[in-house]
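Structural overview for review
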Amino acid sequence: MHTRRTTLSKFLIEQLKNSPDGQALAALLVDVSAAIKAISAAAGKGALEGNVGSLETVNVQEEVQKPLDVLTNQIMLHHCDWGGLVAGMASEEMEKPYDIPNEYARGCHLLIFDPLDGSSNIDFNVAVGTIFSVLKHNKDTPPTEADYLQPGNRQVAAGYAIYGPATLLVLTVGQGTHGFTLDREVGNFVLTHPNLRIPEETDQFAINASNERFWEPPIQRYVEECRAGKTGPRERDFNMRWIASMVADVHRILLRGGVFTYPRDSKSSKSGRLRLLYEASPMAMLVEQAGGAASTGRGRLLDEPPQALHQRVPVVLGSKSEVERIERYHREFDAGTDKPFVSPLFNERSLFRKEAR
Ligand code: AHG
Ligand code: MN
Ligand code: MN
């Protein structure tokens, strides 16, 4: 029998035993993991519990909410507000931060989360997830909205859960990125993926290619070069993936390598789609802790100063050399020295001829 397996609690106690406020952080992450077990069970019920379809409500991003968006938000709040471990919480599904009810003590951390990532996939039984970020806060003062606007480099923990055929919790407390698989019979998260390292050699990229006409030239250049494969400057073939659940795309990158991008575009806001505080920053910390890189295309994502709770930001993350290449394409474009690659598919006589850039 597996009597020596490392459970999440044992792992956290060991990793955090010498950190200031380490015990409080370990206890908070155990509460978060309890919420994740409850979400895993709720997501697993699917249509049996009416957890599919849409509601008539919209969230602050003007996205139509799903029943599970609302339920998972409540699960996170109610598992984490009572224990004196957080000073406040903020979420994709709430316009303003959540204040801890008066009957409960305030703790020294702020918890920010996307309770259900990839929720458009829920009706089709494709993997979804939960993303979270933990910041420090002085527990003597109730937090204001401004207290949540800390750059990602100040996170003391970050992680996500992925609800697929198995439920995994992947987290970092600043000492590597580690994956735990939920043993459903026992009810424990067990360390199954210690010290994840993003493979450097990669032949995969992930992007929503339907937005191509809205991208900036450096991203168009990168994708066009990948698509040209052996016949282009990269001299090897690439594969493309897009699951439309950031957790699932990032999980694959942690295990297989590659690059994931939701870049700046001219579609709606120029900042792309993903939200800085509860999607981009925690994923950036996990990726860096696994030896990869995370960028806006023009700078380190973890150094990006937040201006607003629900601010969006361009995201490029994954294998270091690919992220650095995309940053270089941005620099060359901004300096006017870039040399866009024009595929033979788009030559003068082709149906697909491109406008000169
Ligand atoms: P959410 O379900 O929390 O709103 O997030 C969805 C995000 C992210 O998970 C995914 O990568 C991206 O939106 C998908 O965007 P497209 O619909 O443009 O593909
Ligand atoms: Mn999301
Ligand atoms: Mn969401």
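As a starting point, this report considers the structure included with it.

**Thoughts on the pattern of salt bridges**
If you walk through the whole model with that rule in mind, you get 20 salt bridges. Put simply, Asp123 and Lys66 hold a salt bridge, and the shortest N to O gap is 3.2 Å. Residue Asp123 is located in the loop between β3 (109-117) and β4 (128-136), and its partner Lys66 is located in the loop between α2 (22-45) and α3 (67-80); the two are separated by 57 residues in the primary sequence. Connected through shared salt-bridge partners, Arg221, Glu225, Arg325, Arg328 and Glu332 make up one network.

**Brief notes about the coordination of the manganese ion (ligand 2)**
The coordination sphere of the manganese ion (ligand 2), as far as protein atoms go, consists of Asp114 (OD), Asp117 (OD) and Glu279 (OE), spread over 1.9 to 2.1 Å. Between consecutive donor residues of the manganese ion (ligand 2), the sequence gaps follow D-x2-D-x161-E.

**Focus on the coordination of the manganese ion (ligand 3)**
Bound to the manganese ion (ligand 3) are the protein donor atoms Glu92 (OE), Asp114 (OD) and Leu116 (O), situated 2.3 to 2.4 Å from the metal. Counting along the primary sequence, the residues that act as donors to the manganese ion (ligand 3) give the motif E-x21-D-x1-L.

**Some thoughts on the sheet that holds strand β9 (residues 204-206)**
Taken together, the five strands give an open sheet; going across it, the order is β10-β9-β11-β13-β12, and neighbouring strands pair in mixed fashion. Bordering the open sheet on either side are β10 (239-241) and β12 (293-295), each of which pairs with just one other strand. Averaged over all pairs of adjacent strands, the angle between their axes in this sheet comes to 15°, without regard to strand direction. Where β9 and strand β11 (residues 259-262) come together, two bridges link them in parallel fashion. The partner of Phe205 across the bridge, within β11, is Val259. Relative to the sheet, helix α4 (residues 217-228) contacts β9 and β11, its axis offset from that of β9 by approximately 140°. Of the strands in this sheet, β9, β10, β11 and β13 (315-318) are in contact with helix α5 (residues 246-256), which crosses β13 at around 35°.

**As for the state of the cysteines**
Using the criterion set out here, one finds zero disulfides in the structure. Its sulfur unpaired, Cys80 is 14 Å from the next cysteine sulfur, which belongs to Cys108. Residue Cys108 is classed as buried on the basis of its relative accessible area of 10%.

**A look at the site of ligand 1**
Taken together, 18 residues lie around ligand 1, and Glu92, Asp117, Gly118, Met246 and Tyr262 are the ones closest in. Glu92 is positioned such that a nitrogen or oxygen atom in its side chain is 2.9 Å from an oxygen atom of ligand 1. Burial of ligand 1 by the protein chains amounts to 87% of its free accessible area of 480 Å². Of all the secondary-structure elements, those providing two or more residues to the shell around ligand 1 are β3 and β11. Looking at which element gives the most residues to the shell around ligand 1, the answer is β3, with three residues. Classifying every residue of the shell around ligand 1 by side-chain character gives seven nonpolar, four polar and seven charged.

**A word on the environment of Gly229**
With respect to the element layout, Gly229 can be found in the loop between α4 and β10. For the pair formed by Gly229 and Asn239, sequence separation is ten residues and the distance between their alpha carbons is 9.1 Å. Look past the residues within four positions of Gly229 in its chain and what remains in contact with it is Arg234, Glu235, Arg236 and Asp237.

**Quick word on the packing of aromatic side chains**
The final tally for this structure, using the stated rule, is four aromatic pairs. Arranged with centres 5.0 Å apart and planes meeting at 75°, the rings of Phe11 and Phe180 form a pair that is edge-to-face. Taken as a pair, Phe11 in helix α1 (residues 8-16) and Phe180 in strand β7 (residues 178-183) lie far apart in primary sequence, 169 residues in all. Considered together, Phe11 and Phe180 belong to a single accessibility category, that of buried residues. Between the aromatic rings of Trp242 and Phe260, the centroid separation amounts to 5.4 Å while the plane-to-plane angle is 15°, which identifies the pairing as stacked. You can see Trp242 sitting in the loop between β10 and α5 and its partner Phe260 sitting in strand β11, a full 18 residues away along the chain. Chaining the aromatic ring pairs together yields one cluster made of Trp242, Phe260 and Tyr262. Positioned over the ring face of Tyr329 is Arg221, at 3.7 Å from the centre of the ring.

**What to know about the nonpolar core**
Leu12, Met89, Leu111, Phe132 and Val134 are the most contacted members of the largest nonpolar core, which totals 42 residues. No other element matches the ten residues that α2 contributes to this core. When near neighbours in sequence (up to four residues on either side) are disregarded, Phe132 contacts Leu29, Val32, Ile36, Leu111, Ile112, Phe113, Ala158, Gly159, Tyr160, Leu169 and Pro282.

**Some details on α3**
Taking 1.5 Å of rise per residue, the 14 residues of α3 would be expected to cover 20 Å, and the 20 Å separating its terminal C-alpha atoms lies within 8% of that figure. When we look at burial in α3, the residues that qualify are Pro67, Leu68, Asp69, Thr72, Asn73, Ile75, Met76, Leu77 and Cys80. The inward-facing, buried residues of α3 abut α2, β1 (86-91), β2 (98-99), β3 and β4.

**Quick notes on unusual backbone geometry**
One non-glycine residue, Asp21, lies in the positive phi region at around 60°. Along the chain, Asp21 turns up in the loop between α1 and α2. Its identity as a non-glycine residue notwithstanding, Asn195 has a phi of 50°, on the positive side. Looking at where Asn195 falls in the secondary structure, it is placed in the loop between β8 (188-193) and β9.

Conventions we followed
- Residues numbered from 1 in each chain as written.
- Chains lettered and ligands numbered in written order.
- Predicted model: local features only at pLDDT ≥ 70, side-chain atom pairs only at ≥ 80, totals over all residues.
- Heavy atoms only, no water.
- Salt bridge = Lys/Arg side-chain N within 4 Å of Asp/Glu carboxyl O.
- Helix = DSSP H or I, 4+ residues; strand = E, 2+ residues; numbered from the N terminus.
- Donors = N, O, S within 2.8 Å, 3.2 Å for Na, K, Ca; no water.
- Pairing = 2+ DSSP bridges.
- Axes fitted to C-alpha atoms, helices over the stretch in contact; angles between N-to-C directions.
- Contact = heavy atoms within 4.5 Å.
- Disulfide = S-S within 2.5 Å.
- Buried < 20%, exposed > 50% of the residue type's maximum accessible area, 1.4 Å probe, protein only.
- Near = heavy atom within 4 Å.
- Polar contact = N/O pair within 3.5 Å; in protein donor to acceptor, adjacent residues only side chain to side chain.
- Areas by Shrake-Rupley, 256 points an atom, 1.4 Å probe, with all protein chains shown as cover.
- Nonpolar A, V, L, I, M, F, W, Y, C, P; charged D, E, K, R; others polar.
- Phe/Tyr/Trp six-rings, centres within 6.5 Å; stacked < 30°, edge-to-face > 60°.
- Lys NZ or Arg CZ within 6 Å of the ring centre and 35° of its normal.
- Core = buried A, V, L, I, M, F, W, Y, C linked by side-chain atoms within 4.5 Å.
- Expected span 1.5 Å × (residues − 1).

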